[in-house]
Amino acid sequence: MMASLLEVRDLSVHYADRTRSLLAVNSVSFDLAPGETVALVGESGCGKSTIGLAIMGLATAKRIEGTVTLAFKNGERRNLADLSDRAMQDVRGNEVAMIFQEPMSSLNPVHTIGWQIREAITQHQGGSRASADGAALNLLSQLGIPDAERCLHAYPHQLSGGMRQRVMIAIALSCRPSLLIADEPTTALDVTVQAQILELLKRLQAETGMAILFITHNFGVVAEIAQRTMVMYAGQIVETGDYGEVFHSPRMPYTRALLDSLPHLGRVTAGTRLAAIPGQVPNPAALPSGCAFHPRCRYFVENLCDSRCPPLEQSANHRVVRCLRWKEILAPGQP
Amino acid sequence: MNRTTLLEVTNLRKWYAIRRGVIPRVVGHIRAVDDVSFEIKSREVLGLAGESGSGKTTIGRSLLRLVEPTSGQITFNGNEVTTLDPSALRRFRRKAQIIFQDPYSSLDPRMTIEEIVAEPLRVQAIEPERRRRRDRVAALLSKVSISNDYLDRRPRELSGGQRQRVGIARALAVDPEFIVADEPVASLDVSIQAQIVNLLQDLKDSLGLAILFISHDIAVMRHIADRIAIVYLGKLMEIGSAREIVESPRHPYTEALLSAVPNPDPRQRRQRIVLGGDIPSPANPPSGCVFRTRCKYAIPACAQTIPQLTAVGAGHYKACIRDDVP
């Protein structure tokens, strides 16, 4: 097995309210290999974005525990959690970059696109304005932006949502990071534009060999882009594995329920009901005892699921599942 | 099944004037909705699908006269809606209501849940007596599975799914025949989205509602709509039964739109048609067929004539001059 690019160990993030402390991410561990795409899937509030921000050193949390070890381009391996703010500034952009859901709020409305790409390049790599301009122009045309020259002189509001996301990707990739954290980058876009952006990310990954941590709530997008997936619920990873295997034989009841609740375009008869998950995502300030999913789980057993916290269990094919009953649930019909 | 026509829309048009200059002068028009015609039968769910900027929300709001159409006719139970005076319009809105996309901005944060759901009853003077109004609100909330404990709470104490339920209860308060549901599940999580779609389906069956279900998500629409209409750049491209639109689309745009929907099943990879470029500006739409600039089947004739809706099957129409594609 190849040495990993990123090793996250026991990452916990506590946010503080006026009165209480919220555990947004609860002891999360995972590895990312160079050039790999892993999808981090979950509903709003499950902590998936917080993980991305914590890796970038951008989470405004009360307390962050755990280690985030990154293999730098020069071969060094360092724990990002130990680095100073100044050192992290060099890491962001050069080693790890992040793109967000809403490109309009990530771009500065009072500067041109060219100015913003140039800023990223000169901040990290120095060089003259002219050479940065050349690099910016190159990047934009590489990203399939028609009339790149005119785009450099445009302001963010003059571009469409898809174009703005392309510009964000250009800025993120301007210094060739080895890891891109993509936080719901296509959620605000129309499906036809989403298709363009996913194709673009796949092509750029093939060209640059970067790894992608793709954060999304959309399993359709996961199928398009990721080999491996990690499913999160209430701050914890509850299942991981090869995406195809997770899709076809989910082991954690939450994953199963989530997949069942998806509307699909296949052969459905009119009026087919969707398999909704009852209840709602728990409040992180008042998590249920035992397994956090137990109040919504159809396999719930009293005095078991509500009293013991299920550990993450390894099984064949690098599958990992967090459920006390997964073997029993799996038993009927499947070996 | 033969149902009576509840709502009929003929050549609906909403153009917004673009004004420029020190002494503002009309220099052009944004053609948000351009010559759209369709009908909705009673107890029917018509899905209206399209991308952002296609005019689907403007169509929905025009039907209730929340935006004033530029021209065209809208008849509801045979009565013309576009010419109603204010008091007749108020009576019309007892029959036709709307559910909004964002359950955060569509509920007044300072009002209690009771006040929010009671407001239409008060405005329409349906239930002037306070105590009886409260009972009626409680009954409405139980229809959408919201417990009575919430009557005196405020929207901030509710989750997104619960707020959307309150929005639905408010729309149902006047006992309407027709509801415009404008992206009612777009801002909800997948597991909650399924709850709301199922709820709308139940209410439609038990109350006999007709619904215009506006969404950009055709997969969700497939589960609730009887028929689907596809719009692009203010124009109706194709309309037909939900099954035919999804399984055998006849318009090139519908085909491309469906192929772009990512499939969660990794074994079922569809042949994807990636549309180049962006949706053109509605201020300056292409001549002839508005989709031709991104259509892989476009021929020179597509720039010459505006395609009219023509039948391609029973109750299935498309606006495309090419019969041989897709």
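Residue numbers here run from 1 along each chain, matching the order of that chain's written sequence. Here the convention is simple: chains get letters from A, ligands get numbers from 1, in the order in which they are written. Where totals are concerned, whole chains, interfaces and linings use all residues; where local detail is concerned, this predicted model gives features only for residues with pLDDT of at least 70, and gives and counts side-chain atom pairs only at 80 or more.

A. Spatial organisation of the overall build of chain A. Within chain A, the regular secondary structure consists of twelve helices and twelve strands. Rg of the C-alpha trace for chain A: 21 Å, near the compact-globule value of 20 Å for 335 residues, within the 12% margin. Counting other C-beta atoms within 10 Å of its own, a residue is labelled buried from 20 upward, exposed at 12 or fewer, and partly exposed in the gap between, with every C-beta atom placed from the backbone. Classification of the 335 residues of chain A by burial places 45% in the buried group. Counting contacts in chain A only where the partners sit at least 6 residues apart, residues at least 24 apart contribute 64% of the total. Strands are runs of DSSP state E lasting at least 2 residues, helices are runs of H or I lasting at least 4, and numbering of each runs from the N terminus. As a reference, a globule follows 2.2 Å times the number of residues to the power 0.38, and the radius of gyration itself is taken over C-alpha atoms. Any pair of residues counts as being in contact when their C-beta atoms, constructed from backbone geometry, are within 7 Å of one another.

B. A look at the overall build of chain B. When you go through chain B residue by residue, the secondary structure sums to nine helices and twelve strands. Taken against the 2.2 N^0.38 rule, which gives 20 Å for 326 residues, the C-alpha radius of gyration of chain B at 21 Å falls within 12% of a compact globule. Dimensions of chain B, computed from C-alpha atoms along their principal axes, come out at roughly 70 × 60 × 45 Å. A buried classification covers 46% of the 326 residues belonging to chain B. Long-range contacts, defined as pairs at least 24 residues apart, comprise 64% of the intrachain contacts of chain B with a sequence gap of at least 6.

C. Examining the environment of B:Lys95 more closely. All names here are of chain B. Structurally, Lys95 can be placed in the loop between helix H2 (86-92) and strand S6 (96-99). Spatially, the C-alpha atoms of Lys95 and Val174 are 7.4 Å apart, while their sequence positions differ by 79 residues. Setting aside anything within four residues of it in sequence, one finds Lys95 in contact with Phe76, Pro176, Glu177 and Phe178.

D. Summary view of the pairing of strand S6 (residues 96-99) of chain A. All names here are of chain A. Because side chains alternate across S6, one face comprises the buried residues Val96 and Met98, and the other comprises Ala97 and Ile99, equally buried. Strand pairing requires that DSSP identify at least two bridges connecting the strands. Pairing geometry for S6 and strand S7 (residues 179-183), over four bridges, is parallel. Across the sheet, the residue bridging to Val96 is Leu179, located in S7.

E. Examining the domain arrangement of chain B more closely. Residues and elements named next belong to chain B. Each domain's limits were defined by an automated method or a database of domain assignments. Here chain B is partitioned into domain 1 (5-95 + 176-318) and domain 2 (106-174). Counting residues at the interface gives eleven residues for domain 1 and ten residues for domain 2. Element by element, the count of residues in the side of domain 1 that touches domain 2 is highest for helix H6 (residues 190-207), at five residues. A breakdown of the residues in the side of domain 1 that touches domain 2 according to their chemical character gives eight nonpolar, two polar and one charged. When residue character is reported, Ala, Val, Leu, Ile, Met, Phe, Trp, Tyr, Cys and Pro are called nonpolar, Asp, Glu, Lys and Arg charged, and the others, Gly included, polar.

F. Region of interest: the environment of A:Val13. Residue and element names in this part refer to chain A. You can see Val13 is positioned in strand S1 (residues 6-16). Separated by 215 residues in the primary sequence, Val13 and Arg228 place their C-alpha atoms 24 Å from one another. Here Val13 is in contact with Ala24, Val25, Thr50, Ala54, Ala59, Ala61 and Ile64, once residues within four sequence places are set aside.

G. Fine view of the sheet that holds S1(A). Residues and elements named next belong to chain A. Reading across the sheet, the four strands line up as S2-S1-S4-S5 and stay open at both edges, with antiparallel pairing between neighbours. Here the strands that pair on one side only, and so sit at the sheet edges, are strand S2 (21-32) and strand S5 (77-79). Neighbouring strand axes in the sheet, compared pairwise and without regard to direction, differ in orientation by 15 degrees on average. Relative to strand S4 (residues 63-71), S1 runs antiparallel, the two being bridged by seven bridges. Across the sheet, the residue bridging to Leu6 is Leu70, located in S4. Between N-to-C directions, angles span 0 to 180 degrees; the directions come from axes that are lines fitted to C-alpha atoms, helices contributing only their stretch in contact. Strand contacts of helix H1 (residues 48-56): S1, S2 and S4, with the helix running at about 70 degrees to S2, the strand carrying the most contacts.

H. Region of interest: the domain arrangement of chain A. Residues and elements named next belong to chain A. Splitting chain A by domain gives domain 1 (6-226) and domain 2 (233-264 + 275-330). Computed from C-alpha coordinates alone, the two centres of domain 1 and domain 2 are separated by 28 Å. Taken together, the contact between domain 1 and domain 2 spans 19 residues of the former and eleven residues of the latter. Within the residue set of the side of domain 1 that touches domain 2, elements represented by two or more residues are S2 and helix H9 (219-225). For the side of domain 1 that touches domain 2, the leading source of residues is S2, giving seven residues. Split by residue class, the side of domain 1 that touches domain 2 holds twelve nonpolar, four polar and three charged.

I. View of the sheet that holds strand S8 (residues 210-215) of chain B. Residues and elements named next belong to chain B. The sheet built from eight strands is open, its strands ordered S6-S7-S8-S3-S9-S10-S12-S11 with mixed pairing. With one partner strand each, in any of the chains shown, S6 and strand S11 (310-313) form the two edges of the open sheet. Across this sheet, the average inter-strand angle for adjacent strands is 20 degrees, counted without regard to direction. Of the pairings in the sheet, the one linking strand S3 (residues 45-49) to S8 comprises five bridges and is parallel in character. Looking across to S8, one finds that Gly47 is bridged to Phe213.

J. The interface of chain B and chain A, seen in detail. In this complex, chain B contributes 37 residues to the contact, which on the side of chain A involves 37 residues. Of all the secondary-structure elements, those providing two or more residues to the side of chain B that touches chain A are H6, helix H7 (218-224), helix H8 (242-247) and helix H9 (252-260) of chain B. Ranked by the residues each element gives to the side of chain B that touches chain A, the list is headed by H6(B), at eight residues. The residue makeup of the side of chain B that touches chain A, split by class, is 19 nonpolar, ten polar and eight charged.

K. Broad picture of the pairing of S8(B). All names here are of chain B. Burial within S8 is extensive, with six of its six residues counted as buried. Of the two faces of S8, the one carrying Ala210, Leu212 and Ile214 and the one carrying Ile211, Phe213 and Ser215 are both buried. Inspection of the sheet shows strand S7 (residues 178-182) paired to S8 by five bridges, in the parallel sense. Its bridge partner being in S8, Phe178 is matched across the sheet by Ala210.

L. Here's a closer look at unusual backbone geometry. With omega at -10 degrees, the peptide bond leading from B:Val325 into B:Pro326 counts as cis. Position of B:Pro326 among the secondary structure elements: in the segment after strand S12 (316-318). The backbone phi angle of A:Arg176 is positive, close to 55 degrees, even though this residue is not glycine. As for its position among the elements, A:Arg176 is in the loop between helix H7 (161-173) and S7. If you check the backbone angles, B:Asn11 has positive phi at about 50 degrees while not being a glycine. With 12 C-beta atoms counted inside 10 Å, the residue B:Asn11 sits in the exposed group.

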